[in-house]
Amino acid sequence: MSQPTSADAPAQAHDSAQTPHLHRVLKARHLSMIAIGGAIGTGLFVASGSAIAQVGPGGAVLTYLTIGIMVYYLMTSLGELAAFMPVAGSFSTYASRYVDKGFGFALGWNFWFSWAVVVAVDLVASQLVMAYWFPDVPGILWSGIFMLVMLGLNAFSAKGFGEAEYWFALIKVLAVLGFLVTGVLILAGIIHTGHMPGFENWTVGEAPFVGNFATFVGVAMIVAYSFQGTELVGVAAGESENPRENVPRAIRQVFWRILLFYVLAIIVIGFLIPYTDPQLLRTDVADIAVSPFTLVFQHAGLLGAATVMNAVILTSVLSAGNSGLYAATRMLYNMATEGNAPRVFARLTGNGVPLYALIGSTVIASLCLFSSLYSPQAVYIWLLNLAGMTEFLVWLSIAVCHYRFRRGYVMHGYDVNLLPYKAGMFPFGPILAFVLCLIVTLGQNYQAFLQDKVDWGGVVSTYLAIPLFLGCWLGYWLVKRRTWVRYADMRFDEADAIRSEAAQGMR
């Protein structure tokens, strides 16, 4: 069955009822919450304390600001591409059209597999969260229940996914806002905790900046992982109600929300908890009782803080798993429509859901889940590293695709002012984001090379995604040949429609 690719929103909206296609049902509020909700998770609620413990409060704020700026420029690059060409395949499609077809092929398959692994990771995390309330219930039961919930949310329509993400994200946003208000009230002396720290925790020991450059690079890894998921708005653009307006609106809000939810949260933690507190180094979801958020709420006299934060963590885990299943499904669908995956995955239900792609992604997630339960732990660690590194490769690709897209767009004589969304600071923005992301990517396991004897097992585990990605790219090139896209050969079909719309609007 031949399927549309969802690249041309206006044309597809008028396809005949007999031809199933992706439905543009995600509203502006859905995209906005997907953009910020993807960046708020266990990385902020739990692992943020580890960043402060290693580099001090000032160092943590500086690191979060640096990575936040990198993510902001990546998101503006993605916003320009997604508003111009809103497709479910997003990064894979942009890479194939503006860089190299093999590059897009490798990116698509690696992205699909990494998010299927993320679903499995979150299902395992859900077991740890639920054990807080039900320690005697077998964890695999919770994984099975939540897998069915995620499958159900994704099986009926994209709107089901969007609504779930909206409410999941809203709970996380309210939790952060509640934390910030509570922290400020404690600092102002309105909530009495028996001790007013003032600037004490910013001057204790080596504070505010602790460690050296290598320490900062190591913490940058933790911080960068916390931001992973923000790029999902690019995938969701393919089913956005009005992508040329809604995508830019969601992107514009990212920077200020990053500043509010991350940087201010780190500042509050830095004021209230000394970086020398050993509890800050506890970074597992099973340690929610000693997360910095829980500790601050407890200082305010909220005795049920651990229970409340555990519920928030559960929504974060389910949100991440739900998003992962959606992202993997849409990527597999898009690759099938472009001939890079079996055509069966391009089939859609009447509601516009790529059901076969959803089932295929769920099967892989289930296999990865069972590997964590019944295989040696090393196998699961390798899967985790593979998924994490692939995310950084996606970020790098966004910067490269945007740079080549904008240059090609101008070389073909199109006016950048007619773009639905124009990323600022070009070419500085994507170049800076690429350089920072490359440092974070290659520095993932720099400690392994500083030891007397190099830990090659750890090195391979950390960087495995890179040779696998390059292997996919090389394999495609060996089969297809001549896959590099020259600037002269680039296509900007959507630009003509945009220019026509602009001309009509001037009449």
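What you see is a predicted model; the values in this text were computed from it and never measured.

Undergrad: Requested: an account of the overall build of the protein, with residues and values cited.
TA: A count of helical and extended segments in the protein gives 19 helices and 0 strands. Here the C-alpha atoms of the protein give a radius of gyration of 23 Å, agreeing with the 23 Å that 2.2 N^0.38 yields for 507 residues. By the burial criterion, 57% of the 507 residues in the protein qualify as buried. Taking the contacts inside the protein whose residues are at least 6 apart along the sequence as the reference set, 81% of them involve residues at least 24 apart. Accessible surface, the protein as shown: approximately 20300 Å² in total, 66% of it carbon and sulfur. Across the protein, the mean location of the 27 positive side-chain charges is 11 Å away from that of the 27 negative side-chain charges.

Undergrad: An account of the packing of helix α7 (residues 139–156) against helix α13 (residues 305–337) is needed here, citing residue identities and associated values.
TA: Running from N to C, α7 and α13 point in directions that differ by 50 degrees, and their axes come no closer than 10 Å. When the interaxial angle is binned, α7 and α13 end up oblique. Regarding α7 and α13, the two cross each other, and that crossing is right-handed. Of the residues in α13, those touching α7 at F146, M150, L151, L153 and N154 are L314, V317, L318, G321, N322, L325 and Y326.

Undergrad: Requested: an account of the pattern of salt bridges, with residues and values cited.
TA: Within the structure shown, the criterion is met by 7 salt bridges. In this structure, the salt-bridge partner of R486 is D489, at a minimum N-O distance of 2.9 Å.

Undergrad: Give me unusual backbone geometry: which residues, what numbers.
TA: Leaving glycine aside, a negative phi is the common case for residues, and trans is the common case for peptide bonds. The amide bond that connects A207 to the next residue, P208, takes the cis arrangement and shows omega of 10 degrees. A cis amide bond, omega 0 degrees, links F426 with the succeeding residue P427. Take P427: it is sitting in the loop between α15 (377–411) and α16 (428–442). In this structure, M425 takes a positive phi of about 60 degrees despite not being glycine. As for its placement among the helices and strands, M425 is situated in the loop between α15 and α16.

Undergrad: Residues and numbers for the nonpolar core, please.
TA: If you look at the biggest cluster of nonpolar residues, it comprises 167 residues, and the most contacted ones within it are F45, F84, F227 and W395. Counting residues per element, this core draws most heavily on helix α4 (residues 48–84), which supplies 18 residues. Beyond its immediate sequence surroundings of up to four residues, F45 is in contact with I40, K172, A175, V176, S291, P292, F293, M309, V312, I313 and S316.

Undergrad: Talk me through the environment of A224; I want residue IDs and the actual numbers.
TA: With respect to the helices and strands, the residue A224 is situated in helix α9 (residues 213–227). Not counting residues up to four positions away in its chain, the partners in contact with A224 are I67, F392, W395 and V440.

Undergrad: Now, about the packing of aromatic side chains: what can you tell me, with residues and values included?
TA: Going through the model one piece at a time under the given rule, you end up with 34 aromatic pairs. Taking the centre distance of 3.9 Å and the plane angle of 0 degrees together, the rings of F161 and Y326 count as stacked. Note that F161 is positioned in helix α8 (residues 158–187) and Y326 in helix α13, a separation of 165 residues in sequence. Taken as a pair, F161 and Y326 share a single burial class, namely buried. Considering the side-chain rings of Y409 and F492, the 5.7 Å spacing of their centres and the 80 degrees angle between planes classify their relative orientation as edge-to-face. Here F492 lies in the loop between α18 (465–480) and α19 (493–506) and Y409 lies in helix α15, a separation of 83 residues in the sequence.

Undergrad: Lay out helix α2 (residues 28–37) with the relevant residues and their values.
TA: Of all 10 residues in α2, 9 are buried, a share of seventy percent or more. Buried residues of α2: A28, H30, L31, S32, M33, I34, A35, I36 and G37, and no others. Here the buried face of α2 lies against α8, α10 (232–236) and α11 (243–272).

Undergrad: Tell me about a nonpolar patch on the surface, and please be specific about residues and values.
TA: Side chains of V344, L355, Y356, I359, V363 and L367 sit close together on the surface and give an oily, nonpolar patch of about 490 Å² of accessible area. Taking the relative accessible area as the measure of exposure, I359 reaches 44% and is therefore partly exposed.

Undergrad: Quick one: what's the story with the state of the cysteines, residue by residue and with numbers?
TA: Under the counting rule described, the total for this entry stands at 0 disulfides. C368 forms no disulfide, and the closest cysteine sulfur to it belongs to C472, at a distance of 15 Å. Exposure remark for C472: the relative accessible area of 28% places this residue in the partly exposed category.

Undergrad: Can you explain the packing of α8 against α11? Please cite residues and give values.
TA: Packing of α8 against α11 leaves a shortest axis separation of 10 Å and a crossing angle of 35 degrees. Handedness of the α8/α11 crossing: left-handed. Contacts between α8 and α11 involve V173, V176, L177, F179, L180, G183, I186 and L187 from the former and L260, F261, L264, A265, V268, I269, F271 and L272 from the latter.

Undergrad: So what about the environment of A320? Which residues, and what values?
TA: Looking at the element boundaries, A320 is found in helix α13. Expressed as a C-alpha distance, the spacing of A320 and L450, which sit 130 residues apart in the sequence, is 34 Å. If we skip the residues at most four places from it in the chain, A320 touches W115, V118 and D122.

Undergrad: Requested: an account of the side chain of S361, with residues and values cited.
TA: Checked against the element boundaries, S361 lands in helix α14 (residues 355–374). Here the side chain of S361 touches A357 through a polar contact of 2.9 Å, landing on its backbone oxygen. Not counting residues up to four positions away in its chain, the partners in contact with S361 are W112, A116, L325, A328, T329 and L332.

Criteria and cut-off values
Residues numbered from 1 in each chain as written. Predicted model: local features only at pLDDT ≥ 70, side-chain atom pairs only at ≥ 80, totals over all residues. Heavy atoms only, no water. Helix = DSSP H or I, 4+ residues; strand = E, 2+ residues; numbered from the N terminus. Rg over C-alpha atoms; globule rule 2.2 N^0.38 Å. Buried < 20%, exposed > 50% of the residue type's maximum accessible area, 1.4 Å probe, protein only. Contact = heavy atoms within 4.5 Å. Areas by Shrake-Rupley, 256 points an atom, 1.4 Å probe, with all protein chains shown as cover. Lys, Arg positive; Asp, Glu negative; His and termini not counted. Charge placed at Lys NZ, Arg CZ, Asp CG, Glu CD. Axes fitted to C-alpha atoms, helices over the stretch in contact; angles between N-to-C directions. Parallel < 35°, antiparallel > 145°, perpendicular 65-115°, else oblique. Left-handed = near helix turned anticlockwise from the far one by under 90°. Salt bridge = Lys/Arg side-chain N within 4 Å of Asp/Glu carboxyl O. Core = buried A, V, L, I, M, F, W, Y, C linked by side-chain atoms within 4.5 Å. Phe/Tyr/Trp six-rings, centres within 6.5 Å; stacked < 30°, edge-to-face > 60°. Patch = residues over 30% accessible without salt bridge, like charges linked within 9 Å, V, L, I, M, F, W, Y side chains within 5 Å. Disulfide = S-S within 2.5 Å. Polar contact = N/O pair within 3.5 Å; in protein donor to acceptor, adjacent residues only side chain to side chain.

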